[in-house]
Amino acid sequence: MEKPEVKRLLINYKTLEEFQNFREYGAPELSMKEDLQANIIENDSESPFYGIYYGNKLVARMSLYRVKGKFDQYFEPPQDYLELFKLEVLEAYQNKGYGKALVDFAKSFNLPIKTNARQRSDEFWNKMDFESVTYQPMRDRGENPYVWYPEGVKEQVLSQEQR
């Protein structure tokens, strides 16, 4: 199988229609329909949405946001990083390398990456070389952060007051 091609999704009503399939067949908590509608209203040209098509059907997607270094509470040294949200592959297309292709695409920016692992997805993130971080109640607020460190980057240790 050839390597799946990751494409930046356009912010338009065709993409909204494609997201509808994920709403019908995917995990409800991963719905991006509202995120996309908000971006259509704002007419945002830099789409944070990426996907993989099988033929002309969108079968895998994620959103990827760049977070400025001044807000970094995860990486040492503090720097810009990517926040990967709502990675989802439609069930019929799982275990075919689409999720890995999306993660590899995110890694290609060579910035640290943070994601919040959904229940029972830890094994996937571990296979992608992500690590769970030391839980900080004030920072993580019940989330389950996993991070990927490019070379030369490590976990930021917060001081007692920051926790």
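The rules behind these values
- Residues numbered from 1 in each chain as written.
- Predicted model: local features only at pLDDT ≥ 70, side-chain atom pairs only at ≥ 80, totals over all residues.
- Heavy atoms only, no water.
- Helix = DSSP H or I, 4+ residues; strand = E, 2+ residues; numbered from the N terminus.
- Contact = heavy atoms within 4.5 Å.
- Buried < 20%, exposed > 50% of the residue type's maximum accessible area, 1.4 Å probe, protein only.
- Core = buried A, V, L, I, M, F, W, Y, C linked by side-chain atoms within 4.5 Å.
- Salt bridge = Lys/Arg side-chain N within 4 Å of Asp/Glu carboxyl O.
- Lys, Arg positive; Asp, Glu negative; His and termini not counted.
- Polar contact = N/O pair within 3.5 Å; in protein donor to acceptor, adjacent residues only side chain to side chain.

Peer 1: I would appreciate a short explanation of the overall build of the chain in the present structure.
Peer 2: Summing up its helical and strand segments, the chain has five helices and nine strands in all. A sequence separation of at least 24 residues applies to 63% of the contacts in the chain between residues at least 6 apart.

Peer 1: Would you take a moment to explain helix α3 (residues 98-107) for this structure?
Peer 2: In an α-helix, one full turn covers 3.6 residues, which means residues spaced three or four apart are oriented alike. Within α3, seven of the ten residues are buried, which leaves the element mostly enclosed by the surrounding structure. Residues of α3 that are buried: Y98, G99, A101, L102, V103, A106 and K107.

Peer 1: Even after reading the chapter, I still don't get the nonpolar core, so can you show me in this structure?
Peer 2: Here is a general trend for soluble globular proteins: nonpolar side chains tend to be buried in one another's company. Ranked by internal contacts, the top residues of the largest apolar core, which has 32 residues, are M62, L84, W125 and F130. Secondary-structure elements contributing two or more residues to this core are α1 (13-25), β2 (49-54), β3 (57-67), β5 (81-89), α3 and β8 (145-148). Not counting chain neighbours up to four residues away, the residues in contact with W125 comprise L84, L87, V103, T115, A117, F130 and Y146.

Peer 1: What should I look at first to understand the environment of P145 in this one?
Peer 2: By the secondary structure assignment, P145 is in strand β8. For P145 and Y74, which are 71 residues apart along the polypeptide, the C-alpha to C-alpha distance reads 9.5 Å. Residue contacts for P145: discarding those within four places in its chain leaves Y74, K114, T115, N116, E131, S132, V133 and D140.

Peer 1: Mind showing me how you'd approach the pattern of salt bridges here?
Peer 2: Pairing between side chains becomes possible if they bear opposite charge and their charged atoms approach one another. Summed over the entire model, instances satisfying the criterion amount to six salt bridges. The shortest N-O distance in the salt bridge between R61 and E88 comes to 3.3 Å. One end of the pair, R61, is in strand β3; the other, E88, is in strand β5, and 27 residues separate them in sequence. Measuring nitrogen to oxygen at the nearest pair gives 2.6 Å for the salt bridge that ties E83 to K114. Remark: K114 occurs in strand β6 (residues 113-116) and E83 occurs in strand β5; sequence separation between them is 31 residues. A residue is classified by how much of its surface remains accessible, and E83, at 12% relative accessible area, is buried.

Peer 1: Just to check I follow, could you spell out the side chain of D72 for this structure?
Peer 2: The residue D72 is located in the loop between β3 and β4 (75-76) in this model. No salt bridge is formed by the buried D72; its nearest oppositely charged neighbour, R139, is found at 7.3 Å. At 2.9 Å, the side chain of D72 forms a polar contact with the backbone nitrogen of F75. For D72, the contacting residues outside a window of four places in its chain are P77, P78, Q79, Y81 and Q156.

Peer 1: Looking at this structure, how should I read unusual backbone geometry?
Peer 2: Where the residue is not glycine, phi is negative for most of them; where a peptide bond is considered, it is trans in most cases. Of the consecutive residues E76 and P77, the connecting peptide bond is found in the cis state with omega at 0°. Relative to the helices and strands, P77 is located in the loop between β4 and β5. Within the chain, N95 stands out as a residue other than glycine whose phi angle is a positive 65°. Among the secondary structure elements, N95 is positioned in the loop between β5 and α3.

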